[in-house]
Amino acid sequence: MDVKLEPSWDDLPLMANTSHILVKHYVLDLDVDFESQIFEGTIVLFFESRNRLEKQSDSTKETCRSESNEACRFSTPEPCHSPVTDTRTSSSKTGYNDFAICGKGEKDTSGKDGNHDNPEQASGISSSKYCCDTGNHGSEDFLLVLDCCDLSVFKVEEVDVAAVPGIETFTGSPQITFVSEELRNQIVHELVTLPADRWREQFDYFAHCSQAPGCGELLFDTDTWSLQIRKTGAQTATDFPHAIRIWYSTKPQGRSVTWTSDQSGRPCVYTMGSPINNRALFPCQEPPVAMSTWQATVGAAASFVVLMSGENSAKPTQLREGRASWHYYVTMPMPASTFTIAVGSWAEMKPEICLSEDLAAERSLTPSEADFRCVGVCGHMEYPCRFQNPSATTQEVIPHRVFAPVCLQGACQETLLPLVLPCLSAAHSVLGTHPFSRLDILVVPANFPSLGMASPHIIFLSQSVLIGMNHLCGTRLCHEIAHAWFGLAIGARDWTEEWLSEGFATHLEDVFWAKAQQLAPHEAWEQQELKADLRWRCLQDEVRNYPEEMQVLRPNKEKTGHVSDSGSSVIKHGLNPEKVFMQVHYLKGYFLLRFLAQRLGDDTYFAFLRKFVHTFHGQLILSQDFLQMLLENIPEGKRLDLSVENIFRDWLESSGIPQPLQTERQARAECGLARRVGAEVHKWIRVNRRPQKRKRRETEDVFEKVRHRWCELIVKHKYTKAYKDVERFLQEDQERSQRDSFPCMCTQPWWDRGRVDAGRQRKGTGAAEASSVHATVLLFPRLPSPGLMERVVPLCRPGLTVSGHGVRIGSPSWGEGTSVTGDESRLRYIGKAAVHFAYGCSGYF
């Protein structure tokens, strides 16, 4: 019987019983409904029981060569009951029609709401009365537990895979005469264990099996965090059906899915993958050990583009008038949490110059590049691996596409698109073979809460990276590209060790970006030293402002990687809202890797890193796997007091600033660039600390200029929501400014379509010579250029023309030092430029 889990309020439970049974493949067939804000359809899961996996793992280990055996030793959990996991990948590019399209069946209409909530399980974390070990031959039924949240489940049924034409080839007999549960499970076993060179055939059969008829409904129940399924009489995981179909829909408030509008105001939806991962998108096994492949067909209105984690560059297939479907697949087993989808009216950016996808293959390799083309058997189980493909190992730039909302096309074309090729090439020059065969990059809607997110074959970037110079865009792109190696191809077996992903990506982004910029060695060093100084200050702030228990990179310590008997576990602080804003795992991980690189020397360190990638790609690791292999590659003379235990103590299992880092920062001398930046910062700090003796009017002038500039931007971009700010500015600041600086002027606001009175205020008398000019006045702190004026005037009503620095309204000309006469009034321009808009002005420069 499983042990009851008791996480704290901010821990994330992983409920799936992965120690008994593992999902090996998902087939999703979904429709997107923007009106209801739901995904609806079916998902078919293909399983393999744990005892068969263990037998397969044992036979595979016997065939490992000596180098691979060492890798297997590192990647095998000590007390954890997780099976050895592997990944599959392929450099082949296929089109949409490679696999059958999964059609939808009829949805269950029995009136079930799919939310069989149990009040006694409100916490969502409890052991089930049906749960038993796979070796239990008692009277209780085996219970399949899937991670599930915010989903409406309508029906669960067993799939009759034996009904698929041609499937008898997996039974060892020319025809099927009798169908049993054992036979169906044997067919699924043969299907999920097909050799790597038959992966196309395998995926084709997965698609056909997903359309096979059902052969009996299964009992199911849901609670807050899980979906529990059982079949009467199936007492072990081996007896449980190995192919099941679930009919379900998401909910608008589901926390895995974000329904919103893009920057052009068009509806869209995308998945974030955190903090609850994908359990509110489809029922799945969330623990990272449940590495699986998938294929998905998504139907949407023909005007939408569907992007997804997939090896193929999918194109739409017309279903019926106004509807299209998109099909993607992944042959490299990955945790279900890495699955990503985005549906919207995305526009694809095309490079001005078309470059060959095999550009890198045509180039000759330099000696340094040739050095890291590792040969031999990979450390994972056999599959079609890019690291064993000669053309893939020399491919500097993988095929890629860039998408964005329509209104951001120009910014992406100017800022993002030119950076993709050099950043991909730089990453290859540092780490070697790209783990994935292609890449999509999407600029996501404005409510995206991060600067970027990497998933297999797709990267999300925030619109914020498009602002200003290309440095922010380049560094963020390099960070997400680095996740292809660390975080995806090599994943953390225990998600609390996220430094294995974020620390590596932060350290590598500086190296990639320096190479992408083609900086000289001393320039690259100065840039990286400056960023280290900035990160050091940031880390100091982090440890001051966050709880100590959340500053530890290995919070489970010696229990890291451990799970319960069933495979369920909790992610410590996984639901803590503060964690979203924390950078401790990024920064402490970065400084640890920087410390190790300095100890070894960059050349030695990055040579080791390429060897590590070649050994562990396609596998899950713990901190000790990396550190043990690293220390074995450090010469005795450079190792000194380094050990796995010391690094655990000083860097990974303690809060606050690691002592070696504290010592190093106190002893180091700043680089020249950092000194210059620091001097500039301190200068302005001193200026800001000087006693403020400004008069109130001078202080008001400063803020008035800020508000004035804000109003300029509002009118320029036609930001209607802030028109009230312009009204307030003209009524308060502008009118007061004119009274104080231009005693000859007084105005009424532009929205009053009456007359604007203007006159000269006579000193001492209070009298004014009044007249009327049908225009409004907007003051500038400096005289606009004629070119600017030429852009301003056409926005106004007809009758306004430009001459030099003046604006002509009918016959009068207004400009610096120019007397303007309108009827009987005389206005004198003094000191500042005045631009006069006719009523109904609709814009600004």
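So, a few notes on the structure that sits alongside this text. (Residues numbered from 1 in each chain as written. Predicted model: local features only at pLDDT ≥ 70, side-chain atom pairs only at ≥ 80, totals over all residues. Heavy atoms only, no water.)

## Regarding the overall build of the chain
Step number 1: A tally of helices and strands in the chain yields 21 helices and 33 strands.
Step number 2: Taking all 845 residues of the chain together, the buried fraction comes to 55%.
Step number 3: Of the roughly 37,000 Å² of accessible surface on the chain, a fraction of 50% belongs to carbon and sulfur atoms. (Helix = DSSP H or I, 4+ residues; strand = E, 2+ residues; numbered from the N terminus. Buried < 20%, exposed > 50% of the residue type's maximum accessible area, 1.4 Å probe, protein only. Areas by Shrake-Rupley, 256 points an atom, 1.4 Å probe, with all protein chains shown as cover.)

## What to know about helix α4 (residues 199-210)
Step number 1: Under the 1.5 Å per step criterion, the end-to-end length of α4 is 16 Å for 12 residues, consistent within 8% with the ideal 16 Å.
Step number 2: Buried within α4 are the following residues: W199, Q202, F203, Y205, F206, A207, C209 and S210. (Expected span 1.5 Å × (residues − 1).)

## Quick notes on a nonpolar patch on the surface
Step number 1: Together, V677, V681 and I685 make up a nonpolar patch on the protein surface, roughly 190 Å² of accessible area in all.
Step number 2: The residue I685 is located in helix α18 (residues 672-689) in this model.
Step number 3: For I685, a relative accessible area of 32% puts it in the partly exposed group. (Patch = residues over 30% accessible without salt bridge, like charges linked within 9 Å, V, L, I, M, F, W, Y side chains within 5 Å. Salt bridge = Lys/Arg side-chain N within 4 Å of Asp/Glu carboxyl O.)

## A few points about the nonpolar core
Step number 1: I229, I246, L416 and F626 are the most contacted members of the largest nonpolar core, which totals 156 residues.
Step number 2: Ranked by the residues each element gives to this core, the list is headed by helix α8 (residues 409-431), at 11 residues.
Step number 3: Not counting chain neighbours up to four residues away, the residues in contact with L416 comprise V402, A411, I441, V443, L461, L466, C473 and L477.
Step number 4: In this structure, A162, V192, Y205 and Y329 belong to the second largest nonpolar core, which totals 23 residues. (Core = buried A, V, L, I, M, F, W, Y, C linked by side-chain atoms within 4.5 Å. Contact = heavy atoms within 4.5 Å.)

## A short note on the packing of helix α12 (residues 584-600) against helix α17 (residues 659-667)
Step number 1: The N-to-C vectors of α12 and α17 enclose an angle of 65 degrees; their axes lie 11 Å apart at closest approach. Taken together, the axes of α12 and α17 lie roughly perpendicular to each other. For the pair α12 and α17, the sense of crossing is left-handed. Where α12 approaches α17, its residues F591, R594, F595 and Q598 are matched on the opposing element by P660, L661, E664 and R665.
Step number 2: Across the contact of α12 with α17, the residue classes break down as four nonpolar, one polar and three charged. (Axes fitted to C-alpha atoms, helices over the stretch in contact; angles between N-to-C directions. Parallel < 35°, antiparallel > 145°, perpendicular 65-115°, else oblique. Left-handed = near helix turned anticlockwise from the far one by under 90°. Nonpolar A, V, L, I, M, F, W, Y, C, P; charged D, E, K, R; others polar.)

## So, the state of the cysteines
Step number 1: Inspection of every chain in the model, using the stated rule, returns zero disulfides.
Step number 2: Free cysteine C407: the closest other cysteine sulfur is in C412, separated by 9.2 Å.
Step number 3: Judged by relative accessible area, C407 falls into the partly exposed class, the value being 46%.
Step number 4: In this structure C478 is not part of a disulfide, and its nearest cysteine sulfur, from C423, lies 3.5 Å away.
Step number 5: Assessed through its relative accessible area of 0%, C478 is described here as buried. (Disulfide = S-S within 2.5 Å.)

## What about the packing of helix α9 (residues 470-482) against helix α10 (residues 499-516)?
Step number 1: For the pair α9 and α10, the least separation of the axes is 8 Å and the interaxial angle reads 130 degrees. Classified by the angle between their axes, α9 and α10 sit oblique to one another. Helix-helix and strand crossings are classified by hand; for α9 and α10 the assignment is right-handed. Listed contacts from α10 to N470, H471, G474, T475, C478, H479, I481 and A482 of α9 are E502, A505, T506, L508, E509, F512 and W513.

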